[in-house]
Each structure stands twice: as structure tokens, then as C-alpha cells.
Amino acid sequence: MRTEVRTTANMNINKNIAISETGFVFNPLTGDSFNTNRVGQEILRQLQKGASIDDLYKHLTDTFSVDKATAEKDLADFFMVLKSYQILIEV
Amino acid sequence: MSTKKQKITVAVTGLNNIDSPGPGIPVIRALKESTAFEVRIIGLSYETLEPGLYMHDLVDKSYQIPMPSVGTQPLLERLHYIHQQEKLDVIIPNFDAELHNFIKVADILKNAYNIATFLPTQKQFESRHKSVLYEFGKENGVKVPFAKMVFSPNDIYQLGSEFTYPVAVKGKYYDAQIASTPEQAVNYFYKISAKWGLPVIIQEFVSGNEVNVTAVGDGEGNCMGAVPMRKLYITDKGKAWAGISLADEKLVEIAQTVIANSKWKGGCELEFIKSKDGEYYLLEMNPRFPAWVYLAVGCGQNHPEALVKMALGKKVKPFKDYEVGKMFIRYSYDQIVNLSEFEKISTTGEL
């Protein structure tokens, strides 16, 4: 069974993660859970749809009135968190 | 259409529902929720302060039984007396240390009193001991950290190149410490051997996340149910105070393989470390249900009920799935007990 969705050039997102309306994220493989804000939810949903890094930058700058440099930095930080929770898996 | 439940009497040990809890009370809760049986519970206790003795909503009647160290004859005599009073149908022992005796008397209980048990064979019981777990892993197709038994501090210094530090120093029944140097290992050797006897086990240390499985085997190679769990909150004794069921197909497959290959009969708990590279290492196989077995019931797999059905010779279908993301959270609770009750169990051995 395929449990990952290919998202960026070198990272996959675990497709089994559950994201609630309130931003509660649960990884059923590890039992880890955490809360994320609206921007985090949006990023995770886009990743689940298979968005590329460029798609994400565009989506974030269009939706949240943020410049590309800030989006790049914040996204890099958020990816580190997602990797630590095994939501994003390096391939 | 409602089906009438079969009335049965089940004796259960492990009523020590304390901070390092025995599995008795969770097993009883599972049986009380059985859809097939209306269960009268007979508690079997070793000590007068086991909290389950006083939980009258769960335990209908209790009897003290002799300590495992006195052997099988006093146990048989006591069970003979209890059976005369209660007409037991099934006994579920829940302590590692008493299982040896219960396995030995299982045939006598069945033939002389028609009391059913559902226990591993003596050989199965011995095969998963910590001291031989490495060999058990080899035979049953599961990775186990390399381990050696040591009988003296000198043995530790002679391990040489077989181990790199840190290592886990383990008691034969209980207790585990991580030693970073041979000197630390010797220190733990003294502490652990003084408490749990010899041998002490030196085990390769594998870092990662601990994940556990509660399971039940039919003794013919079929795993009737398996639910994986990760501890979310651990007490200073290393016991789970909270945990969550996982969607880990690989872990369930490994548990099924162990049970199939060993033809495990009865309940068990498999303790694994999942390493950073995603490999699973079996750290321990406990020969009875864990104290968190009620989580399996919460996830849709009533393992104690399945065990009782098999003990009574009924056909049981393996559980196919379970609910993921179910949590258990323990709590402590002060029972108020009249001195007369404590006096009764202390003097008559019954309550």
C-alpha cells in the first residue's frame, strides 16, 4: 500500500496524517500529534494535494500577502518541524 | 434480536492496580463488557492491599492464594477449595512469576475440575525468557538486540569487543538500566542481581521509539488479534500512564509472524524499539496480557473475551481491524475501605 504522496523534489508527505478543522494534526503511524495555525494547515493541505515547492510559494504569497523571501524562510522552518514529526519524509 | 449470554465464572489474578499495575483489573473490565458471556469474577490475590480486592463492582468475590515460591501443591489445594465454593469455569493468571506454576497444573485443573486455562506451553514460556530472547528472535524471524547472560561482574569486563557501550543491563524478570561504561554496568549488575537474582542480561542498546503490541494467539499459529500502541506518558517505573493506538501495518505483521512461528497460545505483549531507520527490534515478549490491554477493547478487539472463548473450546474468528488514534489515560483513585473488609481478607483469606 502506498502511504506517501510525492510532493517536492526530495520529500514525500505521509498521506495518512489527519488534519482537523481546528489545526490538530495526527500522525497515526507514530502517534504524534501537534497543533498548527491556519497557514500551517494550508501548507499541509497543499502538500497532500501534491503541490511542488514553487506551487507552495505562489499559494502562500497569493493567499497570505507575504513576500517570497519570507515565505521561503518560514517554509524551510516549517519543513524542519514536519520532518521531525515524520510528516515529511526525505527520499 | 438479543442473544442470551452464557453465565460463567472466571478467576483472575493481578489485582494490583497500582502505579506499576498488574493486568487483572483491565482483563476483568474487558470480560465484564463481553457480548457473549455474563461473567462472575473471582479475584485471586497475593497481598491484602491489592486494590482490586476492594473493587466490588468489578470483582464479585476474592480469595488469597499462596505465593508462587511455595510451588504447585499448595496452589492446587487452594484452587480445589475455591472451586468447591465457586465452581470456576476459567482461570486467567496475569503475573509472569506465577505462570510457571499455572502451566504445570493446567492439565490437572482441566481433568480433575474441568477448569479451563489458555496458557502457553512450558517450552513456549521458557523460549521467550529475556535470557534466551536473542535465540527466540532467530528462530521466529524477528530482530532482537544481541544479548548475553552474565553471572558475575568479571563476566562484564570479559565481554570485550562483543558489545559497544552504552548497553542495557536487565534483570531476568524486571528492571533495565542503560550503562555507558563497564563500571556503570557492574554497578547496575549488583543492584539488579540483588533484587531479581541471576543471571543478569547485557543487551545491545538500540535507540529509537518504543512501540508495544498486545496480542492473543490460538496455539496453532494464528494471531487472533493484535493492537499496536505507543506510550505517550511514562512513569518513573517506565510504565505507560497514557498511550495511543497506531496504524502500523509493519509492526502488526511482525507481531503476527512471531505468534505464527512460535505457535503462541494465550495473551502476550510484544515490546519493540523502532529504530531511526525504521527497523523493529523485539526487546521483550511478556507471556500474558499487558496492563494496557483494555485499550484493545476500546479499539474494538476484546482480547480477554477471545481468550475465554478459546479456553472454553469455542470457535473464534481473528479480529481484522481496530480503531487507530484511540488513547488510554490512567488515573489514580482513592478507595475508601472499611477496616472490617481489610480484617476479613487478612484473617480469613476471603472477601
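Sequence order as written defines residue numbering, which begins from 1 separately in each chain. For this description, chains carry letters from A and ligands carry numbers from 1, given in the order in which they are written. Given that this is a predicted model, residues contribute local features only at a pLDDT of at least 70 and side-chain atom pairs are listed and counted only at 80 or more, while totals for whole chains, interfaces and linings are drawn from all residues. The side-chain figures draw on all heavy atoms in the structure; neither hydrogens nor water molecules are used.

Colleague: Can you help me understand the overall build of chain B in this one?
Modeller: In this description a helix means any DSSP run of H or I spanning at least four residues, a strand means any run of E spanning at least two, and both kinds are numbered starting from the N terminus. Tallying secondary structure elements over chain B gives eleven helices and 14 strands in all. Summarising its shape, the C-alpha atoms of chain B cover approximately 60 × 45 × 40 Å along the three principal directions. A 1.4 Å probe rolled over the protein chains alone gives each residue an accessible area, and that area as a share of the maximum for its type sets the label: buried under 20%, exposed over 50%, partly exposed in between. Looking at the 351 residues of chain B, the share that counts as buried comes to 54%. Partitioning the contacts of chain B with sequence separation of at least 6, the portion at a separation of at least 24 is 66%. Here the open area of atoms and residues is found with the Shrake-Rupley method and a 1.4 Å probe, where only the protein chains shown may cover a residue. Looking at chain B as shown, the accessible area adds up to about 16,400 Å², and 50% of this sits on carbon and sulfur atoms. Positive charges are assigned to Lys and Arg, negative charges to Asp and Glu, while His and the chain termini are left out of the count. Charged side chains are reduced to one point each, which is NZ for Lys, CZ for Arg, CG for Asp and CD for Glu. Here chain B contributes 39 positive and 40 negative side-chain charges, whose respective centroids are spaced 4 Å apart. Contacts: residue pairs with any heavy atoms within 4.5 Å of one another.

Colleague: Whenever I open this one, the packing of aromatic side chains confuses me. Can you help?
Modeller: Residues and elements named next belong to chain A. For Phe, Tyr and Trp, rings pair up if their centres lie within 6.5 Å, where Trp contributes its six-membered ring, and each pair is then called stacked (planes under 30 degrees apart), edge-to-face (over 60) or tilted (otherwise). Under the defined criterion, the tally for this structure stands at eight aromatic pairs over all chains. Consider the rings of Phe-34 and Tyr-85, whose centres lie 4.5 Å apart with planes at 25 degrees: the pair is stacked. Separated by 51 residues along the polypeptide, Phe-34 in strand S5 (residues 33–35) and Tyr-85 in the loop between helix H3 (68–84) and strand S6 (88–90) bring together distant segments of the chain. According to the relative accessible area criterion, Phe-34 is buried, its value standing at 10%.

Colleague: Just checking my understanding: could you explain the environment of B:Gln124 for this structure?
Modeller: Residue and element names in this part refer to chain B. Following the sequence through the fold, Gln-124 ends up in helix H4 (residues 122–127). Since its relative accessible area comes to 11%, Gln-124 is described here as buried. Put simply, Gln-124 and Leu-351 are 227 residues apart on the chain and 35 Å apart in space, counted from C-alpha to C-alpha. Contacts of Gln-124, omitting those with residues within four sequence positions, involve Ser-262, Lys-263, Trp-264 and Lys-265. Between N or O atoms, a polar contact is any pair within 3.5 Å; within protein, one atom must be a potential hydrogen donor and the other a potential acceptor, and residues adjacent in sequence are included only when both atoms are from side chains. Among the polar contacts made by the side chain of Gln-124, one reaches the main-chain amide nitrogen of Thr-121 at a distance of 2.9 Å.

Colleague: Any chance you could explain the interface of chain A and chain B here in plain terms?
Modeller: Quite often, the size of an interface is put as the accessible area lost when its parts meet. With eight residues of chain A at the contact, the number on the chain B side is twelve residues. A quick way to say it: buried area is the sum, across both parts, of accessible area lost when two parts are put together, with a 1.4 Å probe. Considering only the surface of chain A that becomes buried against chain B, A:Phe26, A:Pro28 and A:Leu29 emerge as the three largest contributors, covering 53% of it. We count a salt bridge whenever a side-chain nitrogen from Lys or Arg sits within 4 Å of a carboxyl oxygen from Asp or Glu. The tally of links from chain A across to chain B stands at one salt bridge. Of the charged contacts in the structure, one is a salt bridge between B:Arg230 and A:Asp32, with a shortest N-O distance of 2.6 Å. Taken together, the connections running from chain A to chain B amount to three residue pairs in polar contact (both at pLDDT 80 or more).

Colleague: I'm lost on the sheet that holds strand S4 (residues 24–26) of chain A in this one. Help?
Modeller: Within a sheet, adjacent strands bond to each other through the backbone by hydrogen bonds, running parallel or antiparallel. Residues and elements named next belong to chain A. Judged by pairing direction, the sheet is antiparallel, and its three strands sit side by side in the order S3-S4-S5 without closing on themselves. Each edge of the open sheet carries a strand with a single partner, namely strand S3 (18–19) and S5. Paired strands, in this sense, are two strands between which DSSP finds at least two bridges. In terms of strand pairing, S3 meets S4 through two bridges, oriented antiparallel. Directly across from Ala-18, in S4, lies its bridge partner Phe-26.

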